[in-house]
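# Coordinate analysis (summary)
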Amino acid sequence: MTELCSEGSRLYANALRMGCIARSEVAAAPCLVEFSLLQPDPDDANWLRPVPPSLALAQRLNPIEREITERRRLSIELADAFEPFMALSSPPLTASTHSITVLEGLDRINAALDLATSQCQNEVLAVQPAHRHPERRLVEALERDRPLTERGVRIRTLYQHTARYSQERLAWVDQFADGKVEYRTIDELVERLIICDETVAFIPIRDDRQVALELRHPGLVSYLIKVFEFMWSRAVPLSAGAPYETAPDGITDIQHSIAKLLVEGHVDEAIARRLGMNVRTCRAHIAKLATALGSGSRAQLGYLIAQSGILDQGNSLPGGDDQP
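As the structure is a computational prediction, the values presented were derived from the model and not from experiment.

Calculation notes
Residues numbered from 1 in each chain as written. Predicted model: local features only at pLDDT ≥ 70, side-chain atom pairs only at ≥ 80, totals over all residues. Heavy atoms only, no water. Helix = DSSP H or I, 4+ residues; strand = E, 2+ residues; numbered from the N terminus. Expected span 1.5 Å × (residues − 1). Buried < 20%, exposed > 50% of the residue type's maximum accessible area, 1.4 Å probe, protein only. Pairing = 2+ DSSP bridges. pLDDT = per-residue confidence, 0-100. Contact = heavy atoms within 4.5 Å. Patch = residues over 30% accessible without salt bridge, like charges linked within 9 Å, V, L, I, M, F, W, Y side chains within 5 Å. Areas by Shrake-Rupley, 256 points an atom, 1.4 Å probe, with all protein chains shown as cover. Salt bridge = Lys/Arg side-chain N within 4 Å of Asp/Glu carboxyl O. Axes fitted to C-alpha atoms, helices over the stretch in contact; angles between N-to-C directions. Parallel < 35°, antiparallel > 145°, perpendicular 65-115°, else oblique. Left-handed = near helix turned anticlockwise from the far one by under 90°. Nonpolar A, V, L, I, M, F, W, Y, C, P; charged D, E, K, R; others polar.

### Concerning helix α11 (residues 279-293)
Look at α11: 21 Å from first C-alpha to last across 15 residues, which is about the 21 Å you get at 1.5 Å a residue. Considered for burial, the residues of α11 that qualify are T281, C282, H285, I286, L289, A290 and L293. Positive phi shows up at G294, right after α11, with a value of about 70°.

Here it is in C-alpha cells:
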C-alpha cells in the first residue's frame, strides 16, 4: 500500500493543522492505521495525535533502504559463490560472452574501465564514496571523463556530503560546466559503482579495491541502475549549497545520520566509513549528541536517541561546526 485513501488524507491533514483528532473520527479511514500516521494522546485516550510527516516517511523508507543494501550484498555473495565455477563451464558456454569477469590488480581494472568508457555512447553513472585521492588520481579521472563529454556522453556522479569540503574535488568538478555532467551528494553511500550505457557495470569486491567485478549480465546491470536511481532521487545537487547547515536550534543532517546509525548498533569506525569522514570527526559529532542528551555512556546514548525523538528531523538539538 503506497497511497492514502481520500478520507484518510483529509483526516490526517486536519490532524496536522489542529494538532490532534478525535479517535471516533478515524474509524472510517483504516489507511491511517496502515501508515501509522496517528498515535494515542498521552493525556486523553479519546484523542489521537498526528505523527510528523517526516518521521512517517522515514519509517516507510527505512525497510526499503535496508532491502536494497541487503540485495546488493547478496548479489556480491552470489557472484563470489559462482565465480569458481566459471572456468568449469562446458565449451558452448565458455564460447559466449562472459557476464561476470573478475579483475585483479589496479592496472587491469583501469584498463577495463578505459575500454568501457571509450566505447560508451550515451551515459555513465558513477557512485564515488568519499576518499582522499592524491592529485594524480583526480587528474587521471579528469582525463577519462573529458573525452566522454566531448562526445556528448551524459555523466551523473554521486558523492557523499563530505565531498563538498574537498577543495581538490570541487576544483575538479569546476572543470565541467556543461549541462551533460551532473553531480549530487548524499549522506551515506555503500561502495563504488560505475555503469556505462546500461550494458556494463563495475563494482569492487575487496576493501583495498585491488579486485573488482565487471558485470555484463543484463539483469544485474538493470538492478544496479535501479539502486543508483533510488539514491540519485534522494541526493542533493552539488550546486545547492552545504547540506550540513544547522537550522536555528536544530540538529544537523550529519548528526541525524550519525544518530540513526548509532541506534542501529554501528561502531564509530563503521559510521565514519559509511558517511565518508574520519573517525575523529565522527566521534566529535557523537560527543555533541551525548552532551545534548545528557548521556553518560555509549549504551545509554543509543537508548536516549531512540527515546528522545530526534530521529524526527523536526525536533531540535543544539548544533555546532559540522565541517568534516
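So that's the structure; there's more coming.
### Observations regarding the sheet that holds strand β1 (residues 21-22)
Read from one edge to the other, the open sheet built from 3 strands follows the order β1-β3-β2, with strand pairing classed as antiparallel. Each edge of the open sheet carries a strand with a single partner, namely β1 and β2 (38-40). By the bridge criterion, 2 bridges tie β1 to strand β3 (residues 47-50) in an arrangement that is antiparallel. Of the residues in β3, the one forming a bridge with I21 is L48.

### Things to note about the sheet that holds strand β7 (residues 181-186)
The 8 strands lie next to each other as β4-β10-β9-β8-β5-β6-β7-β11, forming an open sheet whose pairing is mixed. Two strands close off the open sheet at either side, each with one partner strand: β4 (100-104) and β11 (236-237).

### Observations regarding the confidence of the model for the chain
Considering every residue of the chain, the mean pLDDT works out to 78; 78% of them sit at 70 or more. Every residue in residues 92-97 scores below 50 in pLDDT, and together they form 2 contacts with partners more than four places removed in sequence or on other chains. Contacts of residues 313-324 to residues separated by more than four positions or lying in other chains number 40 contacts, the stretch itself having pLDDT below 50.

### A look at a nonpolar patch on the surface
Side chains of L74, L78, F82, F85, M86 and L88 sit close together on the surface and give an oily, nonpolar patch of about 610 Å² of accessible area. Considering the arrangement of structural elements, one finds L78 in helix α3 (residues 53-82). A residue is classified by how much of its surface remains accessible, and L78, at 43% relative accessible area, is partly exposed.

### Description of the packing of α11 against helix α12 (residues 298-308)
Packed helix pairs are characterised by how far apart their axes lie and by the angle those axes make with each other. The N-to-C vectors of α11 and α12 enclose an angle of 70°; their axes lie 10 Å apart at closest approach. Our classification of the angle between α11 and α12 gives roughly perpendicular. Read as a crossing pair, α11 and α12 show a hand that is left-handed. When α11 is examined against α12, the residues I286, L289, A290 and L293 are found in contact with a partner set consisting of R298, L301, L304, I305 and S308. Each residue belonging to the contact of α11 with α12 can be placed in one class, and the counts come to 7 nonpolar, 1 polar and 1 charged.

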